[in-house]
Amino acid sequence: MCTLCEATCGISVESEGTKVTRVAGDSADPFSAGYICPKAFGMKALQDDPDRLRTPLIRGANGSFREASWEEALDVAIEGLDSVRKRYGDDSVGTYAGNPNAHSLHAMIYGPVLTRALRTKQRYSASSIDQLPKMVSCALLFGGGLSVPIPDLDRTEYLLVLGANPLVSNGSLMTAPNAKARLQGIRERGKVVVVDPRRSETARAASEHLAIRPGTDAFFLLALVNALVEIGLIDFGHLEPWLDGWSDVKQAISGFTPEAVAERTSIPAETIRRIAKEFASSGSAACYGRIGTTCQELGTLASWAVDLLNIVTGNLDRPGGVMFPEPAAMRGGNQLKVAGPGRGARFGRWRTSVRGLPEAFGELPVAALAEEILDAPEETRVRAMLTMAGNPLLSVPGSARLEEAFERLEFMVSVDIYLNETTRHAHVILPPPPPLERESYDLAFYQLSVRNIVKFSPPALPRTSGAMDEWEILLSLATGLMGGRMELKAADDFLLAQLINQEISGKDLRFSDLDAQAVTHALGAQPGPQRVLDLFLRLGPYGDGFGARPDGLSLARLKQAEHGIDLGPLRPRLPEFLETKSGKIELWSELISNELAKLDGRLGERAPDLVLIGRRQLRSNNSWMHNIHALVKGPDRCTLLMHPADAARFGLSSGRSTTLKTRAGQLKATIEVSDEVMPGVISLPHGWGHASEGARLSVARERPGVNVNVLSDPALLDVSGNAAFNGVPVEILPE
Ligand SMILES: Nc1nc2c(c(=O)[nH]1)N[C@H]1C(S)=C(S)[C@@H](COP(=O)(O)OP(=O)(O)OC[C@H]3O[C@@H](n4cnc5c(=O)[nH]c(N)nc54)[C@H](O)[C@@H]3O)O[C@H]1N2
Ligand SMILES: Nc1nc2c(c(=O)[nH]1)N[C@H]1C(S)=C(S)[C@@H](COP(=O)(O)OP(=O)(O)OC[C@H]3O[C@@H](n4cnc5c(=O)[nH]c(N)nc54)[C@H](O)[C@@H]3O)O[C@H]1N2
Ligand code: SF4
Ligand SMILES: [Mo]
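Small disclaimer: the values here were computed from a predicted structure and weren't measured. (Residues numbered from 1 in each chain as written. Chains lettered and ligands numbered in written order. Predicted model: local features only at pLDDT ≥ 70, side-chain atom pairs only at ≥ 80, totals over all residues. Heavy atoms only, no water.)

J.: Help me get a handle on the site of ligand 3, residues and values and all.
T.: The environment of ligand 3 is formed by Cys2, Leu4, Cys5, Ala7, Thr8, Cys9, Ile36, Cys37, Lys39, Ala40 and Asn170. In terms of residue class, the shell around ligand 3 is built from eight nonpolar, two polar and one charged. (Near = heavy atom within 4 Å. Nonpolar A, V, L, I, M, F, W, Y, C, P; charged D, E, K, R; others polar.)

J.: Outline the sheet that holds strand S20 (residues 611-613), listing residues and values.
T.: Strand order across the open sheet formed by seven strands is S25-S20-S24-S21-S23-S22-S26, with mixed pairing between neighbours. Unpaired on one side and paired on the other, strand S25 (728-729) and strand S26 (731-733) mark the two borders of the sheet. As paired strands, strand S22 (residues 657-661) and S26 are joined by three bridges and run antiparallel to one another. Across the sheet, the residue bridging to Leu660 is Ile732, located in S26. (Pairing = 2+ DSSP bridges. Helix = DSSP H or I, 4+ residues; strand = E, 2+ residues; numbered from the N terminus.)

J.: Report on the nonpolar core, specifying residues and quantitative values.
T.: Residues Leu160, Phe220, Trp304, Leu308 and Ile585 are the most contacted members of the largest nonpolar core, which totals 84 residues. For Trp304, the residues in contact, after removing those within four places along its chain, are Ser137, Leu141, Leu222, Val249, Leu587, Ile592 and Leu596. Of all hydrophobic cores here, the second largest spans 62 residues; its members include Ala68, Tyr110, Leu386 and Phe546. (Core = buried A, V, L, I, M, F, W, Y, C linked by side-chain atoms within 4.5 Å. Buried < 20%, exposed > 50% of the residue type's maximum accessible area, 1.4 Å probe, protein only. Contact = heavy atoms within 4.5 Å.)

J.: Account for helix H6 (residues 179-189), with residues named and values stated.
T.: Within H6, the full set of buried residues consists of Ala179, Arg182, Leu183, Gly185 and Ile186. Down the axis of H6, the buried set is contained in an arc of 150°. They therefore lie on one face. Those residues of H6 that are exposed and aimed more than 90 degrees away from the buried face are Lys180 and Glu188. (Arc of directions from axis to C-beta.)

J.: Tell me what's going on with the environment of Arg538, and back it up with residues and numbers.
T.: Tracing the backbone shows Arg538 in helix H20 (residues 529-538). Between the C-alpha atom of Arg538 and that of Leu553, which follows or precedes it by 15 residues, the distance is 5.9 Å. When neighbours within four sequence positions are excluded, Arg538 is seen to be in contact with Ala522, Gly543, Asp544, Gly545, Phe546, Leu553 and Ser554. Engagement of the side chain of Arg538 in a polar contact is seen with the side chain of Asp544, the distance being 3.0 Å. (Polar contact = N/O pair within 3.5 Å; in protein donor to acceptor, adjacent residues only side chain to side chain.)

J.: Tell me about the pattern of salt bridges, residues and numbers included.
T.: Applying the stated rule across the entire model yields 51 salt bridges. For Lys19, the salt bridge identified is with Asp48, shortest N-O distance 3.4 Å. Of this pair, Lys19 sits in strand S2 (residues 19-25) while Asp48 sits in helix H1 (residues 42-48), and the two are 29 residues apart along the sequence. The partner of Arg381 in a salt bridge is Glu378, and the shortest N-O contact between them spans 3.6 Å. Given the relative accessible area of 21%, Arg381 is considered partly exposed. (Salt bridge = Lys/Arg side-chain N within 4 Å of Asp/Glu carboxyl O.)

J.: So what's going on with the packing of helix H8 (residues 217-230) against helix H22 (residues 590-602)? Residues and values would help.
T.: Put simply, H8 and H22 touch, their axes get as near as 11 Å, and they point 100° apart. Put simply, H8 runs roughly perpendicular to H22. Contacts between H8 and H22 pair Ala218, Phe219 and Leu222 from the former with Leu596, Leu599 and Arg602 from the latter. (Axes fitted to C-alpha atoms, helices over the stretch in contact; angles between N-to-C directions. Parallel < 35°, antiparallel > 145°, perpendicular 65-115°, else oblique.)

J.: Break down helix H3 (residues 105-118) for me, citing the residues and quoting the values.
T.: The terminal C-alpha atoms of H3 lie 21 Å apart, and with 14 residues this matches the ideal 20 Å at 1.5 Å per residue to within 8%. Maximum bend of H3: about 30°, positioned at Gly111, with proline Pro112 one to four residues after it. Where burial is concerned, most of H3 is hidden: eleven out of the 14 residues are buried. Taken together, the buried positions of H3 are Leu105, His106, Ala107, Ile109, Tyr110, Gly111, Val113, Leu114, Thr115, Ala117 and Leu118. Following H3 by one or two positions, Arg119 has its phi on the positive side, about 55°. (Expected span 1.5 Å × (residues − 1). Bend = angle between axes of the 7 residues up to and from the residue.)

J.: Before we move on, could you go through the pairing of strand S12 (residues 286-289) and cite the residues and values that matter?
T.: Neither face of S12 is open: one carries Ala286 and Tyr288, the other Cys287 and Gly289, and all of them are buried. Direction of pairing for strand S8 (residues 158-162) relative to S12: parallel, over a ladder of four bridges. The residue of S12 that forms the bridge with Leu159 is Ala286.

J.: Quick one: what's the story with the side chain of Ser712, residue by residue and with numbers?
T.: Along the chain, the position of Ser712 falls in the loop between strand S24 (681-683) and S25. The contacts of Ser712, once residues within four sequence positions are left out, are Pro397, Gly398, Ala664 and Phe725.

J.: Lay out the site of ligand 2 with the relevant residues and their values.
T.: Lining the immediate surroundings of ligand 2 are 31 residues, of which Asp196, Gly215, Asp217, Ser620 and Asn622 lie closest. Taking Gly163, its main chain carries an N or O atom lying 3.3 Å from a nitrogen atom of ligand 2. Between ligand 2 and Val168 there is a distance of 3.3 Å, counted from a nitrogen atom to a backbone nitrogen or oxygen. Out of a free accessible area of 930 Å², ligand 2 has 98% covered by protein chains. Only helix H5 (166-169) and helix H12 (291-294) provide two or more residues apiece to the shell around ligand 2. (Areas by Shrake-Rupley, 256 points an atom, 1.4 Å probe, with all protein chains shown as cover.)

J.: Run through the environment of Gly237, naming residues and quoting values.
T.: Position of Gly237 among the secondary structure elements: in the loop between H8 and strand S11 (243-244). Gly237 sits in the partly exposed class, given a relative accessible area of 40%. Sequence-wise, Gly237 and Glu270 are 33 residues apart; in three dimensions their C-alpha atoms are separated by 26 Å.

J.: Go over the sheet that holds S12, please, and point to the residues and values.
T.: Judged by pairing direction, the sheet is parallel, and its four strands sit side by side in the order S10-S9-S8-S12 without closing on themselves. Edge positions in the sheet fall to strand S10 (208-210) and S12, since each has one partner strand and no second. Recorded for the sheet is a direction-independent mean angle of 15° between the axes of neighbouring strands. Sheet strands touched by helix H13 (residues 299-312): S8 and S12. Its angle to S12, the strand with the most contacts, is close to 175°.

J.: Outline the packing of aromatic side chains, listing residues and values.
T.: Counted by the stated rule, this structure contains nine aromatic pairs. Note on Tyr158 and Phe279: the rings are 5.8 Å apart at their centroids and 85° apart in plane angle, and the pair reads as edge-to-face. Here Phe279 lies in helix H11 (residues 269-281) and Tyr158 lies in strand S8, a separation of 121 residues in the sequence. Residue Phe279 is classed as buried on the basis of its relative accessible area of 1%. With centroids separated by 5.6 Å and ring planes inclined at 80°, the aromatic side chains of Phe347 and Phe361 adopt a geometry described as edge-to-face. With Phe347 in the loop between strand S13 (322-323) and helix H14 (369-374) and Phe361 in the loop between S13 and H14, this pair connects stretches of sequence that are 14 residues apart. Joined through ring pairs, the aromatic side chains of Phe142, Phe324 and Phe577 make up one cluster. Sitting above the plane of the Trp350 ring, Lys121 keeps its charged end 6.0 Å from the centroid. (Phe/Tyr/Trp six-rings, centres within 6.5 Å; stacked < 30°, edge-to-face > 60°. Lys NZ or Arg CZ within 6 Å of the ring centre and 35° of its normal.)

J.: Report on the packing of helix H17 (residues 470-481) against helix H18 (residues 488-504), specifying residues and quantitative values.
T.: Close contact between H17 and H18 brings their axes to 10 Å; oriented N to C, the two are set at 85°. Between H17 and H18, the crossing angle belongs to the class labelled roughly perpendicular. Of H18, the residues touching H17 (which contributes Trp471, Glu472, Leu475, Ser476 and Thr479) are Leu488, Ala491 and Asp492. For the contact of H17 with H18, the residue count by class is four nonpolar, two polar and two charged.

Coordinates in, geometry out; function isn't part of it.
Shown next as structure tokens:
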């Protein structure tokens, strides 16, 4: 399984000894059927990359790194973090978990163990620069942040896409290998409409593209709902008995008519009316929004409005609409829910000390990290950081300030495979093996998949001798920080015993008669992530229940299915996915009411003259695959797209560079004039800017590009605390 993005494509890896000779698509994979994208070949290049770290590094007093033994590096890391914590308290150590954690079985299980060991409230992750608004809106509507409805891509007759480019990203919050073919299938059955300020690759392959002004998706979506009210096409269908709050919503949104929002969105009223009618009268329809709708100032409201449209047309939780996957192994989320009222959503249990931004799902918004290091009062200041598989210095808004902040840290540890823009600030870097040297199972993304799937990949290659596995690194740090390094097998046995108790005494009473000792025995003595996965699978919805259902799933059985097992299309799950206090779908809430008031205030506002949005590229993977020659060769891709009319008014042309300025910073970018973007909108990809002194990225350095997040403004946030990368007002400075 390729672990580079959410699509989870099956790959076949051929090797001679420890050398990969070939990577190809696995045509027997029941989900991806042989499909791969160019990044999959990067798995081999990543394995071979001489710059990839293979031994721990310790930074000396002169600032340069030296290789160290695992024992020494772990001791220095633990001692350094512990000493800051002893001097200033638990919250003086911050943690940041980046995107690749979600793709690692090891990190998914042992990362949280390490974070808990630190006992800090200063926890950050890439969630708050990504999907947090969708999690908040799902928590409000359904009670759980991971209860995200997924488009039933293979059955829907009408797909309305806002701010997503699955032909390039390969799908996100929508695990769907070969999105291109699946979208083509929808076009053959019906229609695909893409709403995006840029005529993206997906827009070009769609039936229709609507260019929308950045940040105005909530206006557009609510106007669609209003148009349906007006023509009498609201039809909740099977959802009717489960809805709460529609009359409040209906009243609060009534001002956002197609006419009222047309100019603001730049989509004509008659087009809005037509799309509304098409969506509601289609046999089935799914509305789907991604980065363009989450990473904007009204991200939570836009994400909520996406599902409002699905709900008022009866398309939630039915085939061809948006549905809730039922993963084989994943604690929490959609799995093994018991119908009945739940605890509902709670946010803001603690706050950042400078801006008072609320906690959500146990984490704080990472756009606040720089000030928590630089400006917080002495007593609450962050003085040390632990980063795990993250590159915040290229990924988080306000990079210049964050750089200054990281320079100020007293101590820093990074678990990472590269010495890059972020990890160069660390005192100790601990590199896990590359993906092909470890087993994988996607605990996160089958929670978000367009079909129910299970796949397990054993390590494709033997682990390099002397290397430590990712789980061993994380658990060693955790035990060290909990009171002293412990023998790993004993620590893992202890952890497993805790998990077994949680699982069999959980709210699902199906397993309450299981005996913990028998379960422990059945899972075997070999420590590590595999027996934890086995526990999850066996107690999961398809599991063998340790004997209760003899033909059910276990890891041993899954291993026999080399290419994975297709568990079938998504099935309706109402009401078992509901965890709201009322036990219903709660359409109305205080947060939504406040956001609607905000939206109302913006209706009459003039749009900024020029705004910045982002874009992804097929051969790029956020910030960290740019050291692979095959993926970066060719012309410079870090270009600023600008509409010909804007180029003319600023006197600019392709190939020239210009200085851009925002409230957060300024930088020079190379122009690419193109009518792909709408007038008044410019686009720059993220993840570039590899010119940092001291990073060990010899290939990336040759085509450094520029770091767009110098321009992104840490003050532009959605109500969830998520960064608004899209719709940032920009000025072009005269040369
Ligand atoms: N302007 C702008 N900024 C954005 C975005 C945008 O659209 N526009 N998108 C945002 C989004 S959606 C995301 S998810 C974030 C990503 O933000 P981050 O997660 O901070 O950054 P990545 O580029 O994914 O960096 C991954 C890091 O993990 C390391 N790594 C890779 N594989 C492994 C592994 O197996 N184990 C370990 N321990 N380390 C590994 C890499 O060397 C790298 O340092 O960026 C966000 N930033
Ligand atoms: N090749 C590749 N694949 C990736 C990644 C990668 O870096 N490279 N990153 C992975 C990650 S971490 C993620 S989160 C996913 C993201 O997956 P996607 O969200 O599908 O990817 P993006 O390219 O960020 O698409 C966002 C789209 O939103 C548009 N947009 C910008 N502002 C607005 C707006 O205000 N309204 C609307 N309607 N549209 C807007 C942009 O023009 C862009 O086309 O991709 C994943 N897959
Ligand atoms: S789409 Fe590409 S990067 Fe994503 S899993 Fe498939 S092969 Fe890997
Ligand atoms: Mo992401």
